[in-house]
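Commentary on secondary and tertiary structure
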Amino acid sequence: MEKFFKLKERGSTVNREIVAGITTFLAMSYILAVNPNILSGSGMNWESIFTATAISSAIATLVMAFCANLPVALAPGLGLNAFFTYTVVLGMGCTWQFALTAVLLEGVLFIILSLVGIREAIIKSIPVSLRKAVAVGIGLFITLIGLANAGIVGTDTGTLIGFENLNLSHTSALVAVLGLIITIVLFIMNVPGSILIGIALTTVIGIPFGVTTIPENWAPFSVPKAPHLFQFEWSNVFTLKFFVVFFTFLFTDMFDTIGTLMGVAEQANLKDKEGNIINAKQALLSDAIGTVAGACLGTSTVTSFVESTSGVAAGGRTGLTSVVTAIMFLLALFLSPLFALVPSAATAPALIFVGFLMMRSITTINFKDPTEGIPAFITIMVMPFSYSIAKGISWGVIAYVISKVAGKKSREIPFVTWVLAAIFVADIIFEAVK
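Since the structure is predicted, the reported quantities are computational estimates derived from the model, not experimental observations.

1. With respect to the overall build of the protein
Secondary structure assignment for the protein yields 18 helices and four strands. Computed over its C-alpha atoms, the radius of gyration of the protein comes to 21 Å, within 12% of the 22 Å expected for a compact globule of 434 residues. Judged by the C-alpha coordinates and their principal axes, the protein covers about 65 × 55 × 55 Å. In the protein, which comprises 434 residues, the share counted as buried stands at 57%. When contacts within the protein are restricted to residue pairs at least 6 apart in sequence, those whose partners lie at least 24 apart make up 79%. Of the roughly 18100 Å² of accessible surface on the protein, 69% is carried by carbon and sulfur atoms.

2. Regarding the layout of surface pockets
Estimated volume of the largest pocket: approximately 1300 Å³. Elements represented by at least two residues in the lining of the largest pocket include exactly α5 (80-89), α7 (118-125), α8 (128-150), α11 (240-268), β4 (302-304), α17 (389-406) and α18 (415-433). Residue contributions to the lining of the largest pocket peak at eleven residues, all from α11. When the residues that make up the lining of the largest pocket are grouped by side-chain class, the tally is 29 nonpolar, eleven polar and six charged.

3. Section: the environment of Ser 40
Relative to the helices and strands, Ser 40 is located in the loop between α3 (31-39) and α4 (46-68). Here the alpha-carbon distance between Ser 40 and Ala 200, two residues 160 residues apart in the chain, equals 30 Å. Discounting residues that sit within four places of it in the chain, Ser 40 has contacts with Trp 46 and Ile 49. Engagement of the side chain of Ser 40 in a polar contact is seen with the backbone oxygen of Pro 36, the distance being 2.7 Å. There is a polar contact of 3.1 Å between the side chain of Ser 40 and the backbone oxygen of Asn 37.

4. Some details on the pattern of salt bridges
One pass over the full model with this rule turns up four salt bridges. Glu 412 is paired through a salt bridge with Lys 404; the nearest N and O atoms lie 2.7 Å apart. Relative accessible area serves as the criterion here: at 0%, Lys 404 is assigned to the buried category.

5. With respect to the nonpolar core
In this structure, Phe 84, Phe 255 and Ile 393 are the most contacted members of the largest nonpolar core, which totals 117 residues. The leading source of residues in this core is α11, at 14 residues. Residue contacts for Ile 393: discarding those within four places in its chain leaves Ile 126, Val 134, Phe 255, Gly 259, Met 262, Met 383 and Phe 424.

Rules used in this analysis
- Residues numbered from 1 in each chain as written.
- Predicted model: local features only at pLDDT ≥ 70, side-chain atom pairs only at ≥ 80, totals over all residues.
- Heavy atoms only, no water.
- Helix = DSSP H or I, 4+ residues; strand = E, 2+ residues; numbered from the N terminus.
- Rg over C-alpha atoms; globule rule 2.2 N^0.38 Å.
- Buried < 20%, exposed > 50% of the residue type's maximum accessible area, 1.4 Å probe, protein only.
- Contact = heavy atoms within 4.5 Å.
- Areas by Shrake-Rupley, 256 points an atom, 1.4 Å probe, with all protein chains shown as cover.
- 1 Å grid on protein atoms, 1.4 Å probe; cavity = no way out; pocket = protein on both sides within 12 Å on 5 of 7 lines; lining within 4 Å.
- Points joined across faces, edges and corners; volume = space filled by probe spheres on them.
- Nonpolar A, V, L, I, M, F, W, Y, C, P; charged D, E, K, R; others polar.
- Polar contact = N/O pair within 3.5 Å; in protein donor to acceptor, adjacent residues only side chain to side chain.
- Salt bridge = Lys/Arg side-chain N within 4 Å of Asp/Glu carboxyl O.
- Core = buried A, V, L, I, M, F, W, Y, C linked by side-chain atoms within 4.5 Å.

Everything listed here is a matter of geometry and, on its own, says nothing about what the molecule does.
Here's what the structure looks like:
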């Protein structure tokens, strides 16, 4: 185990990796409920989607562990599942089998692009300052997710977004704030597994507040239902509608994954001498395999999860973290009622705290040079405000090209970065006129 995962080389231990893997799972376990809730709106069976979500997440995360040796967990992505149900099925009138076919072929193309190194080349073409900005932007993004999940911030405050009043009627927010205080204190006191302990204690604290609910006749075990296996529709794959759906899945998945991997690598310092992500090609291939597996099992695009940063914050540095997370997903098949007890108010403090940890990359960005600082700022700003990692990358790359040209430093722009900027501009125009 030591030789395979290189624990000593990366400054980690088995115990630390186990804690990190459980922490990552708890931080992203909400997907086991959220994904079936969203996809069932397309006409699919809720329990079958739950099974598909757990199994596809485990498969993809195990591939990441053994192929890339990175502490990155994967699961059906939020946003992509909403596009699947609300746009493709309910909005465009397509069947869910049609949507699954688009997801499958997107995954197949990603496998090809990963094997030939195109996706890896895209990562390397993103300037170092933007890679650091991506980590910071993701930190703010997941902080916002945590705040919103706990009900600490909302849109009914008389402003675009604001803090809710922390009174007894907002018990979820109160419990989350208490959990955040516990996590901060434990971290400052250098308590091992402070984030995981914070999640557990917050779950317990939530019981008297009614935030953590234990149903009557509750039992920790359940029997999983068979997933929707190989439910595809091939009759419309050469239509214009199919290609629009296909490329939307493709574009969003690609840059969400790239952004997540850059953020995790920056936080865990899993980079080579040139500042590139360790085993990036294998990581991208793992993501693509996960998407294909997910489509075959009956779920939307499987992608790398930004919540992996919570496991990294807990000390995870190798694929052993991912192995533990994958095992937790498999256990969830039979212990779903147990994991369902952990409320979003308990995982929210972990996400908020990880936001702080990821902010530390901002100190290494050269804001004195406006051609570096302005694109970094745009990247950081857009991610939380657009609620999209992909949009943060696209606007940051466009801003980088504009800034370098304006600063008469166009020679510093790599060729692939020019190409990406052109593609991003074309995508913005396409979205504006469609």
